[in-house]
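For reference, the chains in residue letters:
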Amino acid sequence: MKRFKHIFGVILAVISTNLTSKMIAQDFSGNYTSDISVQNSRAFENATNWLDSVDISLLTCGPGQEVWSYYGHTALRIQDKVHDSDVAVNWGMFSFKQPFFVLRFVFGLTDYQIGIFPMSDFIAEYSAEGRWVRQQRLQLSRQEKLKILRAIEENAKPENRTYRYNFFYDNCTTRAREMILTNIGYSNTNFKDNNVRTSYREEIHKLNEQDHWARFGNDLLLGVYADSDLERRNWEFLPDNLSKDFATEGRKDFVNESSVEDGVSPVTSNGFITLVDSTFYVIPPVSQENVEQASGITPQEVAIGFALVIAVLTILEIYRKKNLWWLDTTLLVLTGLPGLILLAMVFSQHPTVQLNFQILILNPLNLIFVWKVTKKMRRGKQYWYFELYGWLLLLSLFLQIWQTYAEGMSILACTLLIRNGIKSTMLELNSYGLHKYVHNKFYRNKRKQEITK
């Protein structure tokens with residue numbers, strides 16, 4: 001029972017945080033002060049020498065043990081050594097107190113905010129969770145630092161701090177990236193938005209492979225668009241991916257310029273000055289030896305067990321010449337109810353969940369036609385929808401060419417298809433009275449053989 005409570009909890013967490021809030025997001029319902037007063041008061045001075053004391057860095061946070069923290073987090077760090085100011089800028093703030101929070105999240109209508117905190121609080125939080133934090137200091141000119149500070153100040157104003165969160169396209173990581181690159185200028189880097197030959201689903205699988213049920217929940221909700229190849233810019237929706245790209249990107253405008261200190265700076269393989277000039281861990285990674293791995297029953301094992309139960313009941317139905325109409329009614333209801341969730345996803349603002357071929361298996365139409373199917377089946381006849389559902393199951397298996405299904409869903413589809421085919425055949429035979437003819441002829445032949453012996 002404890003295991004099933006865990007499974008249920010994981011699936012609910014995945015649905016309510018969808019692909020889930022996959023970046024860490026703190027509650028902004030408290031009274032936090034979004035203030036970088038030292039930087040902002042200085043940002044409007046004519047002299048810019050003070051900006052030499054300012055460092056702007058990309059912070060990448062490692063995964064945690066909770067479902068929502070599997071995918072890490074991104075923030076910016078702004079340090080002003082002269083004025084003893086050190087803050088973290090975080091675009092992952094949300095409040096569970098928002099009206100209808102879960103429904104808004106599922107339908108892609110959740111609002112997130114920017115928050116600015118003392119760096120000491122940021123470090124304390126991640127240290128308590130046992131998560132590493134890597135810092136990449138960015139190589140920026142005074143003017144670029146000034147532009148970034150002004151942009152953050154503008155973003156932190158009450159009328160601008162809230163934004164419409166989108167799991168893949170507009171999250172804490174993409175916000176941090178755009179804050180840096182739009183103020184540097186994409187044309188000033190060697191960034192190339194080429195195809196990276198991977199998909200949203202594949203990237204997520206790399207980080208949740210240890211939790212079968214979290215992966216199942218993600219794959220159940222994600223549709224066919226999550227299997228499309230990504231361009232590099234979209235690939236950077238995950239914190240560690242963005243960190244890797246920043247580590248390899250170069251600055252075209254700094255090449256051969258005297259503004260580089262001492263004329264020496266790290267260079268990329270193409271000869272460009274690197275965007276990141278130093279990397280170190282604010283909180284170092286801990287050994288993974290004692291990290292608890294997910295164990296217990298998996299979705300595939302559940303699907304196999306379900307298939308065995310259906311197979312045994314179908315064999316008994318044939319052998320004892322019974323009409324187990326209640327079994328097919330139960331299957332229609334059990335596959336129809338989760339189909340309501342997939343139907344709701346059609347109206348979500350998240351593009352990657354709108355078209356999901358698994359809705360042909362977990363089909364909400366089953367709930368509409370279950371009464372008609374049951375009524376006919378109890379009289380030994382077949383309703384047209386039951387046969388149609390069999391064809392839809394067959395179609396769903398074919399459509400796996402384009403979409404990766406959740407673990408165990410293919411087994412479920414095959415089980416339901418075989419059951420549907422056998423039951424349809426039995427009902428067809430019954431409607432034509434052929435089963436009696438075959439039964440009687442078989443026993444007549446058997447009696448003749450016994451008499452002959």
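As shown above, the structure is provided for reference.
Now for a quick tour of the structure. (Residues numbered from 1 in each chain as written. Predicted model: local features only at pLDDT ≥ 70, side-chain atom pairs only at ≥ 80, totals over all residues. Heavy atoms only, no water.)

1. Focus on empty space enclosed by the protein
In this structure, the largest cavity encloses a volume near 70 Å³. Within the residue set of the lining of the largest cavity, elements represented by two or more residues are α12 (325-345), α14 (384-398) and α15 (409-432). Among the elements that take part in the lining of the largest cavity, α12 stands out by supplying four residues, more than any other. Looking at the lining of the largest cavity residue by residue, the class counts come to five nonpolar, two polar and two charged. (1 Å grid on protein atoms, 1.4 Å probe; cavity = no way out; pocket = protein on both sides within 12 Å on 5 of 7 lines; lining within 4 Å. Points joined across faces, edges and corners; volume = space filled by probe spheres on them. Helix = DSSP H or I, 4+ residues; strand = E, 2+ residues; numbered from the N terminus. Nonpolar A, V, L, I, M, F, W, Y, C, P; charged D, E, K, R; others polar.)

2. Focus on a positive patch on the surface
Residues Lys 372, Lys 375, Arg 379 and Lys 381 make up a contiguous surface patch of positive charge. Classification of Lys 381 as partly exposed rests on a relative accessible area of 42%. (Patch = residues over 30% accessible without salt bridge, like charges linked within 9 Å, V, L, I, M, F, W, Y side chains within 5 Å. Areas by Shrake-Rupley, 256 points an atom, 1.4 Å probe, with all protein chains shown as cover. Salt bridge = Lys/Arg side-chain N within 4 Å of Asp/Glu carboxyl O. Lys, Arg positive; Asp, Glu negative; His and termini not counted. Charge placed at Lys NZ, Arg CZ, Asp CG, Glu CD. Buried < 20%, exposed > 50% of the residue type's maximum accessible area, 1.4 Å probe, protein only.)

3. Some thoughts on the environment of Gln 354
Following the sequence through the fold, Gln 354 ends up in the loop between α12 and α13 (365-378). Each C-alpha atom, one on Gln 354 and one on Leu 222, is 8.1 Å from the other, the two residues being 132 residues apart in sequence. Of note is the side chain of Gln 354, whose polar atom sits 2.6 Å from the backbone oxygen of Ser 348. (Polar contact = N/O pair within 3.5 Å; in protein donor to acceptor, adjacent residues only side chain to side chain.)

4. Notes on the packing of aromatic side chains
Throughout the structure, instances matching the rule amount to 20 aromatic pairs. Arranged with centres 5.3 Å apart and planes meeting at 70°, the rings of Phe 369 and Trp 384 form a pair that is edge-to-face. One end of the pair, Phe 369, is in helix α13; the other, Trp 384, is in helix α14, with 15 residues separating them in the sequence. Here Phe 369 falls in the buried class, since its relative accessible area comes to 18%. Classification of Trp 384 by relative accessible area gives partly exposed; the value is 49%. Pairwise contacts between aromatic rings join Phe 167, Phe 168, Tyr 169, Tyr 200 and Phe 237 into one cluster. (Phe/Tyr/Trp six-rings, centres within 6.5 Å; stacked < 30°, edge-to-face > 60°.)

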